[in-house]
Amino acid sequence: MDQVFIRGLEVETVIGVYDWERGIRQRLLFDLDMAWDIRAAAAQDDLSLTLDYAAVSQRLLTYVSATDFELIESLAERVAALVMSEFSVPWLRLTVTKPGAVKEAAGGVGVVIERGTRSA
Ligand SMILES: Nc1nc2c(c(=O)[nH]1)N=C([C@H](O)[C@@H](O)CO)CN2
């Protein structure tokens, strides 16, 4: 299964459960692996036949920066649904990392979700 990916997309948004988090913006990182058969685009060297990672990135920057969820789980579900419906992605794996949430966790903390159907 071919994939188009995005790594370490940084977005600042309102996110968090606690009162002190509701009035600030915090940095989140998004990693996305998205199923896409790239053969037609490669054969014709044509961007319109593939999944445009720049377009997906821009959409996520716009969407996420305007949200204010408490849980990263809630945000992850919305982002996955948006990417699948707006870009016709049949399967994805999404990692949302909240880098500053646990200071002792050097690599950040977060969630990983997989949604959709992954073909062979
Ligand atoms: N599984 C989760 N655990 C926690 C979350 C979350 O969104 N998902 N959020 C918090 C707080 O907002 C925390 O990030 C503040 O430092 C705690 N645990």
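Rules of the game
- Note that residues are indexed from 1 along each chain, following the sequence as it is written.
- In keeping with the model being predicted, local features are shown solely for residues with a pLDDT of at least 70 and side-chain atom pairs are shown and tallied solely at 80 or more, while totals for entire chains, interfaces and linings include all residues.
- Only hydrogens and water are removed before side-chain values are computed, so all heavy atoms of the structure are retained for them.
- Here a strand is any run of E in DSSP of at least two residues, a helix any run of H or I of at least four, and the numbering for each starts at the N terminus.
- Only protein chains enter the accessibility calculation, which uses a 1.4 Å probe; a residue is then buried when its area is under 20% of its type maximum, exposed when over 50%, and partly exposed in between.
- In what follows, residue pairs with any heavy atoms lying within 4.5 Å of each other are defined as contacts.
- In short, Shrake-Rupley with a 1.4 Å probe defines the accessible areas, and a residue's cover is counted only from the protein chains shown.
- UniProt positions are given in the numbering used here, feature names are shortened, and annotations may be inferred rather than shown by experiment.
- Here the expected span of a helix is defined as 1.5 Å times the quantity of residues minus one.
- Note that the arc is computed from the directions linking the helix axis to the C-beta atoms.
- Polar contacts, as counted here, are pairs of nitrogen or oxygen atoms within 3.5 Å of one another; within protein the pair requires one atom able to donate a hydrogen and one able to accept it, and residues that are adjacent in sequence qualify only if both atoms are side-chain atoms.
- Centre distance within 6.5 Å is the pairing criterion for rings of Phe, Tyr and Trp, where only the six-membered ring of Trp is used; planes under 30 degrees apart are then read as stacked, over 60 as edge-to-face, and the remainder as tilted.
- Definition used: whenever NZ (Lys) or CZ (Arg) falls within 6 Å of the ring centre and also within 35 degrees of the ring normal, the charge is taken to sit over that ring.
- Proximity is defined per residue: any heavy atom of the residue falling within 4 Å of a molecule or strand makes that residue near it.
- Throughout this entry, Asp, Glu, Lys and Arg are counted as charged residues, while Ala, Val, Leu, Ile, Met, Phe, Trp, Tyr, Cys and Pro are counted as nonpolar. The remaining residues, Gly among them, count as polar.

1. Things to note about the overall build of the protein chain
Point 1. Within the protein chain one finds 3 helices and 4 strands.
Point 2. Helices and strands in the protein chain line up, N terminus first, as β-β-α-α-α-β-β.
Point 3. When its C-alpha atoms are laid out on the principal axes, the protein chain stretches across 50 × 25 × 20 Å.
Point 4. When burial is assessed residue by residue, the protein chain has 36% of its 120 residues classed as buried.
Point 5. A separation of at least 24 residues holds for 61% of the contacts in the protein chain among residues at least 6 apart in sequence.
Point 6. About 6,900 Å² of surface is accessible on the protein chain, with carbon and sulfur atoms providing 53% of the total.

2. Focus: the UniProt feature "domain: Dihydroneopterin aldolase/epimerase" (unreviewed entry) in the protein chain
Point 1. Following the UniProt record, the feature "domain: Dihydroneopterin aldolase/epimerase" (unreviewed entry) maps to residues 4–115 here.
Point 2. Along residues 4–115 the backbone is 31% helical and 31% strand, and the end-to-end C-alpha distance reaches 15 Å.

3. Quick look at helix 2 (residues 53–65)
Point 1. Look at helix 2: 18 Å from first C-alpha to last across 13 residues, which is about the 18 Å you get at 1.5 Å a residue.
Point 2. Those residues of helix 2 that fall on the buried side of the exposure criterion are V56, S57, L60, Y63 and V64. The arc that holds the buried residues of helix 2, viewed along the axis, is 135°, so those residues lie on one side.
Point 3. Buried residues belonging to helix 2 abut strand 1 (3–13), strand 2 (26–35) and helix 3 (72–87).
Point 4. Its side-chain oxygen placed 3.0 Å from the backbone nitrogen of A54, D52 serves as the N-cap of helix 2.

4. Quick look at the packing of aromatic side chains
Point 1. In total, this model carries 0 aromatic pairs according to the counting rule given.
Point 2. Sitting over the face of the ring of W91, R118 holds its NZ or CZ atom 4.5 Å from the ring centroid.

5. Focus on unusual backbone geometry
Point 1. For D45, which is not glycine, the phi dihedral falls at a positive 50°.
Point 2. You will see that S88, though not glycine, has its phi angle at about 55°, which is positive.
Point 3. The topology assignment puts S88 in the loop between helix 3 and strand 3 (91–98).

6. Quick word on the site of the ligand
Point 1. Near the ligand you find G16, V17, Y18, E21, E70, L71, I72, E73, K98 and A101, and these make up its full shell.
Point 2. Between the ligand and V17 there is a distance of 3.1 Å, counted from an oxygen atom to a backbone nitrogen or oxygen.
Point 3. Interatomic distance of 2.9 Å between a backbone N/O atom of I72 and an oxygen atom of the ligand.
Point 4. Out of a free accessible area of 410 Å², the ligand has 67% covered by protein chains.
Point 5. Counted by class, the shell around the ligand contains 5 nonpolar, 1 polar and 4 charged residues.

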